[in-house]
Amino acid sequence: MAGEWQLKQQICDVGRRMYERGFVAANDGNISVRIGPNRFLCTPTGVSKGTLVPGDIGVVDIEGNQIAGSKPRTSEIRMHLAIYKERTDINAVCHAHPPHATAFAVAGVDIPNCILPEVEVFIGQVPIARYETPGTWDFAETILPYVRNKANTILLANHGAVSCDRTLEQAYFHLETVDMYCQILLLSKQVGSINQISDEKVRELLGLKKRLGIADPRLDCMESAEQCKVCTLSGSDEFLKGFSQRAIPQHTADADGHGRGRGIAEAPSQAGQPQPIAAAPAAAFPAVVAGRALGSSSTTARQREMNDQIERLVQLITDRIVGMTGK
Ligand SMILES: [Zn+2]
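Structure report, in brief. The structure displayed is predicted, hence computed values, not measured ones. (Residues numbered from 1 in each chain as written. Predicted model: local features only at pLDDT ≥ 70, side-chain atom pairs only at ≥ 80, totals over all residues. Heavy atoms only, no water.)

Digging into empty space enclosed by the protein
Working step 1: Summed over all chains, the structure comprises two cavities of 30 Å³ or more.
Working step 2: Put simply, the second largest cavity is a space of about 40 Å³.
Working step 3: In the lining of the second largest cavity, the residues fall into five nonpolar, three polar and one charged. (1 Å grid on protein atoms, 1.4 Å probe; cavity = no way out; pocket = protein on both sides within 12 Å on 5 of 7 lines; lining within 4 Å. Points joined across faces, edges and corners; volume = space filled by probe spheres on them. Nonpolar A, V, L, I, M, F, W, Y, C, P; charged D, E, K, R; others polar.)

Right under this line is the structure:
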């Protein structure tokens, strides 16, 4: 393991990367590294992670008592120590509020799995720990069931995310991976269908994961149960609802140039299309959403009405995508 000074520099470096990527605002977030059986480096409270210097980094014992350092330790060290107590193979913990991942934690929607291979190999299923007041031992305990179950990345309800691993770099990378994954999921949902990798191909990825020595509860399940399902979507149905495995109908035009969106009108339902969600004005496109015949008496009027509705639907989707990507 690197020397203590070098590790303090690594903590400052990771803090700066967290801040620059927008994973933390103001003085949010905290980082720690195990340097002995009862000694842990940790970031101070009330200091931006973007401007840390090695002299800011303190040392605490396993109970959270500060034993070195001029600045008071982070109040959230208890969560870090709970992880170190539970898992002796873990040497580093990072906590931040990465916006895309935190959006799932705020919505209370489980992140769907079996979609990107790197996520399956380096993270696996990401649980959400129930909400507790940050900085308390009760808060620290909310993550323990998942830490015991070998999770290296956990969402904290209405709060953020915590990641851990053998080295600081690995722990930090989990935050980057989970946040980019959540960003891709949100974009995919705007674009169209979200497809899963097949169960069989995910088993191949899990085999690779085993060879790399990365823990995953699904590996234990595969060894002990013949009918182990590696791609459960439990909980994430909430996020995926409104999509199906059906291909998006092709838009076609008549000879006169009209008929854009005919594929949509002819589809028996809106399967495969982004559905208006929650507060979206689904009622604004009742005929399109319900997939039933339009009420106009003449063909021309019906065509015009349908075109108007399609236009508004396209505009709604465009607005959402522009809004998400910040222009
Ligand atoms: Zn926090």
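What about the packing of helix α8 (residues 199-212) against helix α9 (residues 217-224)?
Working step 1: Relative to each other, α8 and α9 sit at 110°, their axes nearing to 10 Å. In this view, α8 runs roughly perpendicular relative to α9, as classed from their interaxial angle. In contact with Val202, Arg203, Leu206 and Lys210 of α8, α9 contributes Arg218, Leu219, Met222 and Glu223.
Working step 2: Of the residues in the contact of α8 with α9, the class split is four nonpolar, no polar and four charged. (Axes fitted to C-alpha atoms, helices over the stretch in contact; angles between N-to-C directions. Helix = DSSP H or I, 4+ residues; strand = E, 2+ residues; numbered from the N terminus. Parallel < 35°, antiparallel > 145°, perpendicular 65-115°, else oblique. Contact = heavy atoms within 4.5 Å.)

Observations concerning the coordination of the zinc ion
Working step 1: Around the zinc ion, the protein contributes the donor atoms His95 (NE2), His97 (NE2) and His159 (NE2), at 2.1 to 2.3 Å from the metal centre.
Working step 2: Sequence positions of the residues that donate to the zinc ion give the spacing H-x1-H-x61-H. Note that histidine 95 is positioned in strand β5 (residues 92-96) and histidine 159 in the loop between β7 (153-156) and β8 (160-165), a separation of 64 residues in sequence. (Donors = N, O, S within 2.8 Å, 3.2 Å for Na, K, Ca; no water.)

Points about the state of the cysteines
Working step 1: Under the defined criterion, the tally for this structure stands at one disulfide.
Working step 2: Across the disulfide, cysteine 114 is cross-linked to cysteine 231 (sulfur-sulfur distance 2.1 Å). Judged by the sign of its S-S torsion, about -95°, the cystine formed by cysteine 114 and cysteine 231 is left-handed. In this pair, cysteine 114 sits in the loop between α3 (99-107) and α4 (117-122) while cysteine 231 sits in the loop between α9 and α10 (237-240), placing the two residues 117 residues apart along the sequence. (Disulfide = S-S within 2.5 Å.)

What to know about the side chain of asparagine 30
Working step 1: For asparagine 30, the location among the structural elements is in strand β1 (residues 30-36).
Working step 2: Relative accessible area serves as the criterion here: at 3%, asparagine 30 is assigned to the buried category.
Working step 3: Within the structure, asparagine 30 has its side chain in polar contact with the side chain of threonine 74 (distance 3.3 Å). (Buried < 20%, exposed > 50% of the residue type's maximum accessible area, 1.4 Å probe, protein only. Polar contact = N/O pair within 3.5 Å; in protein donor to acceptor, adjacent residues only side chain to side chain.)

Let's talk about the pairing of strand β2 (residues 39-42)
Sheet faces and side chains relate simply in a regular strand, where the side chains alternate between the two faces.
Working step 1: Bridge count between β1 and β2: four bridges; the pairing is antiparallel. Residue pairing across strands places valine 33 opposite leucine 41, the latter belonging to β2.
Working step 2: In this antiparallel pair of consecutive strands, β1 and β2, the connection spans two residues.
Working step 3: Sheet topology places β2 next to strand β3 (residues 58-60); three bridges connect them, and they run antiparallel. (Pairing = 2+ DSSP bridges.)

Some words on the packing of aromatic side chains
Working step 1: Applying the stated criterion across every chain, the model contains two aromatic pairs.
Working step 2: For the ring pair tyrosine 172 and phenylalanine 173, a centre distance of 6.2 Å and an interplane angle of 45° mean the geometry is tilted.
Working step 3: For tyrosine 172, a relative accessible area of 0% puts it in the buried group.
Working step 4: Residue phenylalanine 173 is classed as partly exposed on the basis of its relative accessible area, which comes to 36%. (Phe/Tyr/Trp six-rings, centres within 6.5 Å; stacked < 30°, edge-to-face > 60°.)

Thoughts on a nonpolar patch on the surface
Working step 1: Where nonpolar side chains cluster on the molecular surface, the patch consists of Phe122, Leu208 and Leu212 and spans about 270 Å² of accessible area.
Working step 2: Structurally, the position occupied by leucine 212 is in helix α8. (Patch = residues over 30% accessible without salt bridge, like charges linked within 9 Å, V, L, I, M, F, W, Y side chains within 5 Å. Areas by Shrake-Rupley, 256 points an atom, 1.4 Å probe, with all protein chains shown as cover. Salt bridge = Lys/Arg side-chain N within 4 Å of Asp/Glu carboxyl O.)

Focus: the nonpolar core
Working step 1: Ile11, Met18, Cys94, Phe104, Ile111, Leu155 and Leu168 are the most contacted members of the largest nonpolar core, which totals 41 residues.
Working step 2: Contributions of two or more residues to this core are made by α1 (4-20), β1, β5, α3, α7 (168-191) and α10.
Working step 3: Broken down by element, this core gets its largest block of residues, eight residues, from α7.
Working step 4: Once residues lying within four places of it in the same chain are set aside, the contact partners of phenylalanine 104 are Val109, Asp110, Ile111, Pro112, Ile128, Leu155, Cys182, Leu185, Leu186 and Phe239. (Core = buried A, V, L, I, M, F, W, Y, C linked by side-chain atoms within 4.5 Å.)

So yeah, pure geometry; function would need other evidence.
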